[in-house]
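One-letter residues, chain by chain:
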Amino acid sequence: MNPTNPALNDHLWWIASRASGLVALALITASVVLGLMMSGRIMRKPGRGRTMLALHEQLALGGLLAIAIHGITLLGDAPALLPGAARSVSEAALAETRRRGISV
């Protein structure tokens, strides 16, 4: 954490979750495109099959790992998961329970 930039600290989970989501999207897209190319005539050249299959599998596994990281980092950014109106209502309800001294 960077103590000189508190704004970065406030948005670190948000940045991490969005970045991992974009990486996941790119890897899964590349895996699908490569899979489609392998099924067509473009990649049907001698000696390319094993290499392309290995690359396709690695892209898919990397994409799944990035999806898992995306899900975990979204948990760190949990307050941002609520839509605007629902967040306002829940924050108002929480403030009301604190005002009345009711434990949550």
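Quick caveat, the model's predicted, so the values are computed rather than measured.

Trainee: Can you walk me through the overall build of the protein chain in this structure?
Mentor: The helix and strand tally for the protein chain stands at four helices and zero strands. Counting from the amino terminus, the protein chain carries its helices and strands in the arrangement α-α-α-α. Within the span of the protein chain, comprising 104 residues, buried residues form 13% of the whole. By sequence separation, contacts in the protein chain at least 24 residues apart represent 58% of the contacts at least 6 residues apart. When the accessible surface of the protein chain is totalled, it reaches about 7,800 Å², and 69% of it is carbon and sulfur.

Trainee: Can you help me understand helix H3 (residues 49-76) in this one?
Mentor: A rise of 1.5 Å per residue sets the reference length of H3, with its 28 residues, at 40 Å; its end C-alpha atoms lie 41 Å apart and thus fit the reference within 8%. Those residues of H3 not exposed but buried are Met 52, Leu 59, Gly 63, Ala 66, Thr 73 and Leu 74. Looking at the buried residues of H3, the elements they touch are helix H2 (12-39).

Trainee: Quick question: what am I supposed to make of H2 here?
Mentor: Within an α-helix, residues lying three or four positions from one another point in the same direction, as the helix has 3.6 residues per turn. Along its 28 residues, H2 runs 41 Å from first to last C-alpha, staying within 8% of the 40 Å computed at 1.5 Å per residue. Of all the residues in H2, the buried ones are Ser 17, Ser 20, Gly 21, Ala 24, Ser 31 and Leu 34. Of the surrounding elements, those touching the buried residues of H2 are H3.

Trainee: Please clarify how the packing of H2 against H3 should be interpreted in this entry.
Mentor: Two numbers describe a pair of packed helices, the interaxial angle and the distance between the axes. H3 packs onto H2 with a crossing angle of 155° between their chain directions and a minimal axis gap of 7 Å. Comparing their axes, H3 and H2 come out roughly antiparallel. In the packing of H2 onto H3, the handedness of the crossing is left-handed. Each residue belonging to the contact of H2 with H3 can be placed in one class, and the counts come to 19 nonpolar, eleven polar and one charged.

Reading the values: rules and limits
- Residues numbered from 1 in each chain as written.
- Predicted model: local features only at pLDDT ≥ 70, side-chain atom pairs only at ≥ 80, totals over all residues.
- Heavy atoms only, no water.
- Helix = DSSP H or I, 4+ residues; strand = E, 2+ residues; numbered from the N terminus.
- Buried < 20%, exposed > 50% of the residue type's maximum accessible area, 1.4 Å probe, protein only.
- Contact = heavy atoms within 4.5 Å.
- Areas by Shrake-Rupley, 256 points an atom, 1.4 Å probe, with all protein chains shown as cover.
- Expected span 1.5 Å × (residues − 1).
- Axes fitted to C-alpha atoms, helices over the stretch in contact; angles between N-to-C directions.
- Parallel < 35°, antiparallel > 145°, perpendicular 65-115°, else oblique.
- Left-handed = near helix turned anticlockwise from the far one by under 90°.
- Nonpolar A, V, L, I, M, F, W, Y, C, P; charged D, E, K, R; others polar.

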